[in-house]
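Observations on chain architecture
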Amino acid sequence: MTSGAKRIKVLMVCLGNICRSPTAHGVFQSRVIAAGLENIIEVDSAGTADYHVGSKPDSRSMAVALKNNYDLSAQRARQVCQQDFEQFDYVLAMDRQNLADLRSQCPSAHRSKLFLFLDFGSSKIKEVPDPYYGGDQGFEKVLALVEDAADGLLAHIKERDLA
Ligand code: 4NP
């Protein structure tokens with residue numbers, strides 16, 4: 001990569017950064033690698049809360065992801081910080097509460113970077129349901145919604161930022 005090449009930074013955000021946003025991080029990273037754009041698009045994830053800082057993704061999220069060839073095991077939870085709003089180009093909330101929490105912390109100059117992740121998907125469902133207190137089906141549903149939105153997000157970035 002030349003030093004002047006454009007880089008696009010994407011941050012996936014949920015509450016705990018152990019279920020939904022690590023799944024979104026892993027799936028979107030995989031799409032970026034498949035497109036050969038790993039030197040252009042950077043992906044990370046974080047939580048609005050600090051409950052699980054330093055933890056691996058939830059074992060149920062890792063299992064469902066791995067069954068579909070996404071390895072989340074190197075990820076560790078962290079909390080969103082002020083620098084994230086400056087450094088990332090897209091800050092993508094998994095649900096409306098996450099988005100409201102991000103809006104309340106985000107300087108007004110950077111608010112245009114905040115979106116619901118599923119706004120990039122083709123589903124009518126606009127929030128990734130929190131699977132933490134539910135059964136395995138919830139984790140499968142998270143993965144399906146995330147895969148769909150990851151495809152839409154990559155297409156959007158290619159058109160808006162990389163064309
Ligand atoms: P996530 O799920 O926001 O998708 O990582 C949750 C993880 C932990 C908790 C809630 C949601 N919790 O209450 O500890």
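It should be noted that the structure appears before, not after, this text.
Here is a short report on the structure shown in this document. Predicted, not measured: the structure shown is a model, and the values here were computed from it.

The rules we used
- Residues numbered from 1 in each chain as written.
- Predicted model: local features only at pLDDT ≥ 70, side-chain atom pairs only at ≥ 80, totals over all residues.
- Heavy atoms only, no water.
- Buried < 20%, exposed > 50% of the residue type's maximum accessible area, 1.4 Å probe, protein only.
- Helix = DSSP H or I, 4+ residues; strand = E, 2+ residues; numbered from the N terminus.
- Right-handed = clockwise from strand over helix to strand, strands pointing away.
- Near = heavy atom within 4 Å.
- Polar contact = N/O pair within 3.5 Å; in protein donor to acceptor, adjacent residues only side chain to side chain.
- Areas by Shrake-Rupley, 256 points an atom, 1.4 Å probe, with all protein chains shown as cover.
- Nonpolar A, V, L, I, M, F, W, Y, C, P; charged D, E, K, R; others polar.
- Salt bridge = Lys/Arg side-chain N within 4 Å of Asp/Glu carboxyl O.
- Pairing = 2+ DSSP bridges.
- Axes fitted to C-alpha atoms, helices over the stretch in contact; angles between N-to-C directions.
- Contact = heavy atoms within 4.5 Å.

For the rest of this paragraph, the subject is the pairing of strand E1 (residues 8-14). Where burial is concerned, most of E1 is hidden: seven out of the seven residues are buried. Burial of the side chains of E1 extends over both faces: Ile8, Val10, Met12 and Cys14 are buried on one face and Lys9, Leu11 and Val13 on the other. The parallel pair E1 and strand E2 (residues 41-47) is bridged by helix H1 (residues 20-34), and the resulting crossover is right-handed.

All right, on to the site of the ligand then. The environment of the ligand is made up of Cys14, Leu15, Gly16, Asn17, Ile18, Cys19, Arg20, Tyr51, His52, Asp130, Tyr132 and Tyr133. Gly16 is positioned such that a nitrogen or oxygen atom in its backbone is 2.9 Å from an oxygen atom of the ligand. When the ligand sits alone it has 360 Å² of accessible area, and the protein chains cover 92% of it. When grouped by side-chain class, the residues that make up the shell around the ligand number seven nonpolar, three polar and two charged.

So, on to the pattern of salt bridges. Evaluated as defined, the whole model comprises 10 salt bridges. Across the pair Asp95 and Arg20 runs a salt bridge whose closest N-O atoms are separated by 2.9 Å. Of this pair, Asp95 sits in the loop between strand E3 (90-93) and helix H4 (96-105) while Arg20 sits in helix H1, placing them 75 residues apart in sequence. For Asp95, a relative accessible area of 14% translates into the label buried. Measuring nitrogen to oxygen at the nearest pair gives 2.6 Å for the salt bridge that ties Asp151 to Arg31. Of this pair, Asp151 sits in helix H5 (residues 136-160) while Arg31 sits in helix H1, and the two are 120 residues apart along the sequence. Among the ionic contacts, a cluster of salt bridges with common partners joins Arg7, Lys9 and Glu42.

The subject of this paragraph is unusual backbone geometry. Even without glycine at this site, Asn17 takes up a positive phi of about 60°. Residue position: Asn17 is located in the loop between E1 and H1. The phi angle at Asn69 is positive, at roughly 70°, despite the residue not being glycine. The exposed category is assigned to Asn69, whose relative accessible area is 70%.

Sheet strands associate in pairs through backbone hydrogen bonding, adopting either a parallel or an antiparallel arrangement. A sheet is described by the order of its strands in space; here four strands give the open sequence E2-E1-E3-E4, paired in parallel fashion. What marks the edges here is a single partner per strand, and that holds for E2 and strand E4 (114-116). The sheet shows a mean angle of 25° between the axes of neighbouring strands, taken without regard to direction. Here E1 pairs with E3 via four bridges, running parallel. Residue pairing across strands places Val10 opposite Tyr90, the latter belonging to E3. In the packing of H4 onto the sheet, contacts are made with E1, E3 and E4, and the angle to E4 comes to roughly 175°.

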